[in-house]
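Architecture at a glance
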Amino acid sequence: MRPTALRTATAALGALLLGAGPALAATTPIAAAEPSYYAPEITSCDHLFRTPLDAPRPGGRTYWSPFGATGIVCYDNGTGVADYYQRDPGGAWHDMNELIPGHFFYSVFTTGIPDAAQRR
């Protein structure tokens, strides 16, 4: 094939693909709005945890914290993996780390991650 014919065929194919782009985009389904890194949400999750001194509950997780099992929120950033945080009496957020299955431990370090989320 001559170089001129190859360039003409390439240009024609490119124009065809560019013209089909908007038509293809119009036929793709749009996903329902879900939380994302740009719109994180938090919900109250106190009911999922108990202190080590409370009676065991089916499905309940144990939380080892000096502040009990109150002020706990589920943080949903759209990944499908639940992150849990607890607010201390001073208003700072602490990450809850699961070091043993079913046992979450209080992190002494504070974070501001839930401050960027909206309540659901």
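The structure reproduced in this document is the subject of the present report.

About the thresholds
Residues numbered from 1 in each chain as written. Predicted model: local features only at pLDDT ≥ 70, side-chain atom pairs only at ≥ 80, totals over all residues. Heavy atoms only, no water. Helix = DSSP H or I, 4+ residues; strand = E, 2+ residues; numbered from the N terminus. Buried < 20%, exposed > 50% of the residue type's maximum accessible area, 1.4 Å probe, protein only. Contact = heavy atoms within 4.5 Å. Pairing = 2+ DSSP bridges.

Broken down by element type, the protein chain carries 1 helix and 8 strands. Burial statistics for the protein chain: of 120 residues in total, 24% are counted as buried. Here the analysis covers contacts within the protein chain between residues at least 6 apart in sequence; of these, 44% occur between residues at least 24 apart.

Here the focus is the environment of Phe67. With respect to the helices, strands and loops of the structure, Phe67 is situated in the loop between strand E3 (61-64) and strand E4 (72-76). Take Phe67: its relative accessible area is 32%, and that puts it in the partly exposed class. In the structure, Phe67 is positioned 21 residues away from Asp88 in sequence and 6.7 Å away in space, judged by C-alpha atoms. With near-sequence residues (within four places) excluded, Phe67 lies in contact with Gln86, Asp88, Pro89 and Tyr106.

Before going further, it helps to examine the pairing of E3. Two faces, one strand: in a regular strand the side chains alternate between the faces of the sheet. As defined by bridge partners, strand E2 (residues 49-50) adjoins E3 across 2 bridges and the pair is classed as parallel. Counterpart to Phe49 in the pairing with E3 is Arg61. Pairing analysis gives 3 bridges linking E3 to strand E7 (residues 103-111), with the strands arranged parallel. Residue pairing for E7: Trp64 is matched across the bridge by Phe105.

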